[in-house]
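The residues making up each chain are set out below.
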Amino acid sequence: MQRILALLLCVAGPLAADPPRIVADIAPVHSLVAMVTEGVTEPELLIPANASAHDLALKPSQARALTRADLVVWVGPELSPGLGRALDATAERTLALLRVPGTQLYPARDAALFGDMGLSGHVEDAHAGHDHSHDGIDPHAWLDPVNAVMWLTALAETLAELDPEHAAAYRDNAVRAVARLSVMTARMDDQLEPARHSGLIAFHDAFQYFEARFGLSMVGAITPSDGSDPGPARLSALRDAARDGAVVCAFAEPQFNAGLLEAVTQEAGLPVATLDPMGANLTVGSDLYEALLMQMSGAVTDCISMGVSQAGSGE
Ligand SMILES: [Zn+2]
């Protein structure tokens, strides 16, 4: 009986298939997906932007969203191991952005102070079918807009395969989005030029891709790139760097407790601004990615000018 019903529904159903249900893990990824699906469908956001993706424990509603999805677009297990385990269990179709060929990847930095070891050429590239372990990869790769551009094209191709009826729309959207992000990147390059040689401290080590793309100098971060808690040695190394005048300003993040940051900055009287890698205060949607990167660019230049004017007035 059930089979006959299904058959009847099939025959009677509309000719145009429903667009695929797409789930994206974090707000910046959701935004990139939304750029590509504009006019066809809207992706669903799995992890709210004010939550940390690192220690995600899925709620029942999130687990249901995953089971219903035709495609889950996510950064990868390096960002949220909990989501990795859930996806292994549901075996839905997924696109892990860190595995997109051509993605610029950097290893996670363990030391409190990055020194020269930060970007010392241990640069890796994601290769198709190259099945090595990506343990130790810094997962915050969406903060390099050149990666985002790479992913837009990969998204359009994945969606075109999944939903051939709208293939042209996905590809046109991706071309427009790539042009938009290229203009944005050039603008940020100009804006951040004067910030290049000022030492900065991040709350958690999320900004390696942003630093590398725009030539910024992050001296260290309170917590490592997996968001785990810092030990006392890490905090005192950072406090010393701040006191030695190597640092102009420090950044808090909305997703993390600011008390630890104070322990590092208070003695040196460093100005603190908010640098948010997730877009917690931004409206979720296709505009979020660009707004996020522009907001970060503005936060860096503002924080540095605060630090510079404070240092000047102290003399
Ligand atoms: Zn992070």
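Residues numbered from 1 in each chain as written. Predicted model: local features only at pLDDT ≥ 70, side-chain atom pairs only at ≥ 80, totals over all residues. Heavy atoms only, no water.

## Let's talk about helix H4 (residues 81–90)
And then number 1: Buried residues of H4: Gly82, Leu83, Gly84, Ala86 and Leu87, and no others.
And then number 2: Buried positions along H4 lie against helix H3 (60–68), strand S3 (71–74) and strand S4 (94–96). (Buried < 20%, exposed > 50% of the residue type's maximum accessible area, 1.4 Å probe, protein only. Helix = DSSP H or I, 4+ residues; strand = E, 2+ residues; numbered from the N terminus. Contact = heavy atoms within 4.5 Å.)

## Comments concerning empty space enclosed by the protein
And then number 1: Taken as a whole, this structure holds two cavities of 30 Å³ or more when the rule is applied.
And then number 2: In this structure, the largest cavity occupies an estimated 70 Å³ of space.
And then number 3: In this structure, the largest cavity is lined by Ser52, Ala53, His54, Leu79, His140, Trp142, His204, Glu253, Gln255, Phe256, Pro277 and Met278.
And then number 4: The residue makeup of the lining of the largest cavity, split by class, is six nonpolar, five polar and one charged. (1 Å grid on protein atoms, 1.4 Å probe; cavity = no way out; pocket = protein on both sides within 12 Å on 5 of 7 lines; lining within 4 Å. Points joined across faces, edges and corners; volume = space filled by probe spheres on them. Nonpolar A, V, L, I, M, F, W, Y, C, P; charged D, E, K, R; others polar.)

## Focus: the confidence of the model for the chain
Detailed reading of the predicted coordinates is not advisable wherever pLDDT is low.
And then number 1: Per-residue confidence for the chain gives a mean pLDDT of 85; residues scoring 70 or more make up 87%.
And then number 2: The low-confidence segment residues 8–14 (pLDDT under 50) makes zero contacts with residues lying over four places distant or belonging to another chain.
And then number 3: Confidence drops under a pLDDT of 50 for residues 116–134, and excluding neighbours within four residues, the segment shows 30 contacts in the predicted structure. (pLDDT = per-residue confidence, 0-100.)

## Details of the environment of valine 264
And then number 1: Of note, valine 264 is situated in helix H9 (residues 259–265).
And then number 2: The exposure class of valine 264 is buried, given its relative accessible area of 1%.
And then number 3: For the pair valine 264 and alanine 250, spaced 14 residues apart in sequence, the C-alpha to C-alpha distance is 9.2 Å.
And then number 4: With residues near it in sequence (within four places) discarded, valine 264 still touches Ile201, Ile222, Leu235, Leu238, Arg239 and Ala242.

## So, the coordination of the zinc ion
And then number 1: Taken together, His54 (NE2), His140 (NE2) and His204 (NE2) make up the protein donors of the zinc ion, found 1.9 to 2.1 Å from the metal.
And then number 2: Of note, the zinc ion draws all its donor residues from one chain, in the sequence arrangement H-x85-H-x63-H. Within this pair, whereas histidine 140 is found in the loop between strand S6 (124–125) and helix H5 (145–162), its partner histidine 204 is found in strand S7 (residues 199–204), the two being separated by 64 residues in sequence.
And then number 3: Histidine 140 gets classed as buried once you look at its relative accessible area, which sits at 1%.
And then number 4: Judged by relative accessible area, which is 2%, histidine 204 ranks as buried. (Donors = N, O, S within 2.8 Å, 3.2 Å for Na, K, Ca; no water.)

## Points about the packing of helix H2 (residues 27–37) against H5
And then number 1: Where H2 contacts H5, the two axes come as close as 10 Å, and the packing angle between them is 50°. Considered as vectors, H2 and H5 are oriented oblique to each other. Between H2 and H5 lies a crossing whose hand is right-handed. In this structure, H2 contributes Leu32, Val33, Met35, Val36 and Thr37 to the contact, and H5 contributes Ala148, Trp151, Leu152, Leu155, Ala156 and Leu159.
And then number 2: Among the residues making up the contact of H2 with H5, the classes are represented as 10 nonpolar, one polar and no charged. (Axes fitted to C-alpha atoms, helices over the stretch in contact; angles between N-to-C directions. Parallel < 35°, antiparallel > 145°, perpendicular 65-115°, else oblique. Left-handed = near helix turned anticlockwise from the far one by under 90°.)

## Some remarks on the packing of aromatic side chains
And then number 1: The tally for this structure, following the rule as stated, stands at two aromatic pairs.
And then number 2: Ring plane angle 50° and centroid distance 5.1 Å describe the contact between tyrosine 106 and tyrosine 209, whose orientation is recorded as tilted. Placement of the pair is tyrosine 106 in the loop between strand S5 (104–105) and S6 and tyrosine 209 in helix H7 (residues 208–214), with a sequence separation of 103 residues.
And then number 3: Judged by relative accessible area, which is 0%, tyrosine 209 ranks as buried.
And then number 4: Taking the ring centre of phenylalanine 114 as reference, the NZ or CZ of arginine 109 above it sits at 3.6 Å. (Phe/Tyr/Trp six-rings, centres within 6.5 Å; stacked < 30°, edge-to-face > 60°. Lys NZ or Arg CZ within 6 Å of the ring centre and 35° of its normal.)

## A closer look at the sheet that holds S4
And then number 1: Here four strands make up an open sheet; going across it, the order is S2-S1-S3-S4 and the pairing parallel. Both edges of this open sheet fall to strand S2 (44–45) and S4, since each of them pairs with a single strand only.
And then number 2: Strand direction decides the pairing type here: S3 and S4, joined by three bridges, are parallel. In the strand pairing of S4, valine 72 is matched with threonine 94.
And then number 3: Most of the contacts of H5 go to S3, to which it runs at about 175°, and overall it touches strand S1 (22–24), S3 and S4. (Pairing = 2+ DSSP bridges.)

## Concerning the state of the cysteines
And then number 1: Applying the stated rule across the entire model yields one disulfide.
And then number 2: With its sulfur 2.1 Å from that of its partner, cysteine 249 forms a disulfide with cysteine 303. Where cysteine 249 bonds to cysteine 303 through sulfur, the torsion about that S-S bond is close to 130°, and the disulfide is right-handed. Of this pair, cysteine 249 sits in strand S9 (residues 249–252) while cysteine 303 sits in helix H10 (residues 288–314), and the two are 54 residues apart along the sequence. (Disulfide = S-S within 2.5 Å.)

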